[in-house]
Amino acid sequence: IRYRSYILETGLSANETWVGVEKASTYGAALMVPQVARSAGWPISLTIMTLRSFFFLGVGVLLQLYLLNQVGREETVMSSFAGQMHLCD
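Residues numbered from 1 in each chain as written. Predicted model: local features only at pLDDT ≥ 70, side-chain atom pairs only at ≥ 80, totals over all residues. Heavy atoms only, no water.

Draft legend 1. A look at the overall build of the chain. Looking only at helices and strands, the chain has three helices and zero strands in total. Reading the helices (α) and strands (β) of the chain from amino to carboxyl end gives α-α-α. Burial analysis of the chain (89 residues in total) assigns 11% to the buried set. Total accessible area computed for the chain in this model is approximately 7,900 Å², and 64% of it derives from carbon and sulfur atoms. (Helix = DSSP H or I, 4+ residues; strand = E, 2+ residues; numbered from the N terminus. Buried < 20%, exposed > 50% of the residue type's maximum accessible area, 1.4 Å probe, protein only. Areas by Shrake-Rupley, 256 points an atom, 1.4 Å probe, with all protein chains shown as cover.)

As structure tokens, this is what we get:
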């Protein structure tokens, strides 16, 4: 009964689904801006915003990959010394 009353209150049918997008994230912008631009007929301002959102998404992904690479390097170096900083007396 709760599910049916929720459908009646929100106006969604049983086959429709609502998907939320992050508002303060690069991922949400990269997902939403191209869809809005396409719906508006690709005006130049929204096209530029689409390119900017994809650029910032790429920069974020590359930064994350770089940081993961650095953590992996540190793990490789420290595991070969078994956590001991000074091996010589």
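Draft legend 2. Spotlight on the side chain of Ser53. Turning to its location among the elements, Ser53 is positioned in helix H3 (residues 44-80). In contact with Ser53, other than residues within four places in its own chain, are Thr26, Ala29, Ala30 and Val33. (Contact = heavy atoms within 4.5 Å.)

Draft legend 3. Spatial organisation of the confidence of the model for the chain. When pLDDT is averaged along the chain, the result is 80, and 66% of the positions lie at 70 or above. Low confidence marks residues 1-7, where pLDDT is under 50. Its contacts with residues over four positions away, or in another chain, come to four contacts. (pLDDT = per-residue confidence, 0-100.)

Draft legend 4. Seen up close, helix H2 (residues 26-40). Across its 15 residues, H2 extends 21 Å between first and last C-alpha, which sits within 8% of the 21 Å expected from 1.5 Å per residue. Those residues of H2 lying buried are Gly28, Ala30, Val33, Pro34 and Ala37. One side-chain oxygen at the N-terminal end of H2 lies 3.1 Å from the backbone nitrogen of Tyr27; it belongs to Ser25. Phi turns positive one or two residues past the end of H2, at Gly41, with a value near 90°. (Expected span 1.5 Å × (residues − 1). Polar contact = N/O pair within 3.5 Å; in protein donor to acceptor, adjacent residues only side chain to side chain.)

Draft legend 5. The environment of Leu31, seen in detail. Along the chain, Leu31 turns up in helix H2. For the pair Leu31 and Val21, spaced ten residues apart in sequence, the C-alpha separation works out to 8.0 Å.

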